[in-house]
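Each chain, written out:
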Amino acid sequence: MPEIRINGYVRPLDANGAAELRTIAEQSGSGQPVAATFSGTDYLGTLRDVRYGFTTNDYIDAWGQLAFVIEELDPGAYELFVGERSAKDASPIGIFLPIEIGD
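Residues numbered from 1 in each chain as written. Predicted model: local features only at pLDDT ≥ 70, side-chain atom pairs only at ≥ 80, totals over all residues. Heavy atoms only, no water.

Novice: Summarise the overall build of the chain; cite the residues concerned and give the values.
Specialist: Within the chain, the secondary structure is distributed over 0 helices and 8 strands. Reading the secondary structure of the chain in the N-to-C direction produces β-β-β-β-β-β-β-β. The 103 residues of the chain split such that 36% are buried. Contacts in the chain between residues far apart in sequence, at least 24 positions, make up 60% of those at least 6 positions apart. With an accessible surface of roughly 6200 Å², the chain has 50% of that area assigned to carbon and sulfur atoms. (Helix = DSSP H or I, 4+ residues; strand = E, 2+ residues; numbered from the N terminus. Buried < 20%, exposed > 50% of the residue type's maximum accessible area, 1.4 Å probe, protein only. Contact = heavy atoms within 4.5 Å. Areas by Shrake-Rupley, 256 points an atom, 1.4 Å probe, with all protein chains shown as cover.)

The following block contains the structure:
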């Protein structure tokens, strides 16, 4: 099965962020959660879930690097959220990326 490698820089509060995989929907972020295997370089190791928490390598005033892999996805259209959840109302703060997995 194909894998998706995510590398980049983020600036979540206290260096704690989240990645979530969902089906594509008309409104960004409103698709159904999709379970996948996430693996990264932080203390969580490999995890099969709909959400992956990560810790960047820097805090508050600096952009921190993140890197993780998503595996075991069936072919189809997905949306990946990378960012954090608001402390006020748990709304997503970050980006939504469309992903297409072919056969």
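The rest of the description comes next.
Novice: Can you explain the nonpolar core? Please cite residues and give values.
Specialist: One finds Leu21, Phe68, Ile70 and Leu73 to be the most contacted residues of the largest nonpolar core, which totals 19 residues. For this core, the secondary-structure elements that each account for two or more residues are β1 (4-10), β2 (16-23), β3 (36-40), β5 (51-55), β6 (64-71), β7 (76-85) and β8 (92-101). (Core = buried A, V, L, I, M, F, W, Y, C linked by side-chain atoms within 4.5 Å.)

Novice: An account of the packing of aromatic side chains is needed here, citing residue identities and associated values.
Specialist: A full pass over the atoms with the stated rule returns 2 aromatic pairs. Here the aromatic rings of Phe38 and Phe68 are separated by 6.2 Å at their centres, their planes lie at 50 degrees, and the arrangement is tilted. Within this pair, whereas Phe38 is found in strand β3, its partner Phe68 is found in strand β6, the two being separated by 30 residues in sequence. Accessibility expressed as a relative area gives 2% for Phe68, which makes it buried. Their ring planes at 40 degrees and their centres at 5.0 Å tell us that Phe81 and Phe96 sit as a pair that is tilted. Separated by 15 residues along the polypeptide, Phe81 in strand β7 and Phe96 in strand β8 bring together distant segments of the chain. (Phe/Tyr/Trp six-rings, centres within 6.5 Å; stacked < 30°, edge-to-face > 60°.)

Novice: Can you break down the environment of Gly53 residue by residue, with the values?
Specialist: Within the secondary structure, Gly53 sits in strand β5. Taking the C-alpha atoms as reference points, Gly53 and Val82, separated by 29 residues in sequence, lie 9.7 Å from one another.

Novice: Talk me through the side chain of Ser86; I want residue IDs and the actual numbers.
Specialist: Inspection of the secondary structure puts Ser86 in the loop between β7 and β8. A distance of 3.0 Å separates the side chain of Ser86 from the backbone nitrogen of Lys88, its partner in a polar contact. Within the local environment of Ser86, its side chain forms a polar contact with the side chain of Asp89, the two groups lying 3.3 Å apart. If near-sequence neighbours (up to four positions away) are discounted, Ser86 is found in contact with Ser91 and Ile93. (Polar contact = N/O pair within 3.5 Å; in protein donor to acceptor, adjacent residues only side chain to side chain.)

Novice: Could you give an account of unusual backbone geometry, with specific residues and numbers?
Specialist: For Glu72, which is not glycine, the phi torsion reads 60 degrees and is therefore positive. Phi angles above zero are rare outside glycine, and Ala90 is one such case at about 65 degrees. Assessed through its relative accessible area of 44%, Ala90 is described here as partly exposed.

Novice: Describe the sheet that holds β3, naming the residues involved and giving the relevant values.
Specialist: Read across the open sheet, the 4 strands follow the order β1-β6-β3-β4; overall the sheet is antiparallel. The strands lining the two open edges of the sheet, one partner per strand, are β1 and β4 (46-49). Ignoring strand direction, the axes of neighbouring strands in this sheet form an average angle of 25 degrees. Looking at chain direction, β1 and β6 are connected through 7 bridges and run antiparallel. Within β6, the position partnered with Gly8 by the bridge is Leu66. (Pairing = 2+ DSSP bridges. Axes fitted to C-alpha atoms, helices over the stretch in contact; angles between N-to-C directions.)

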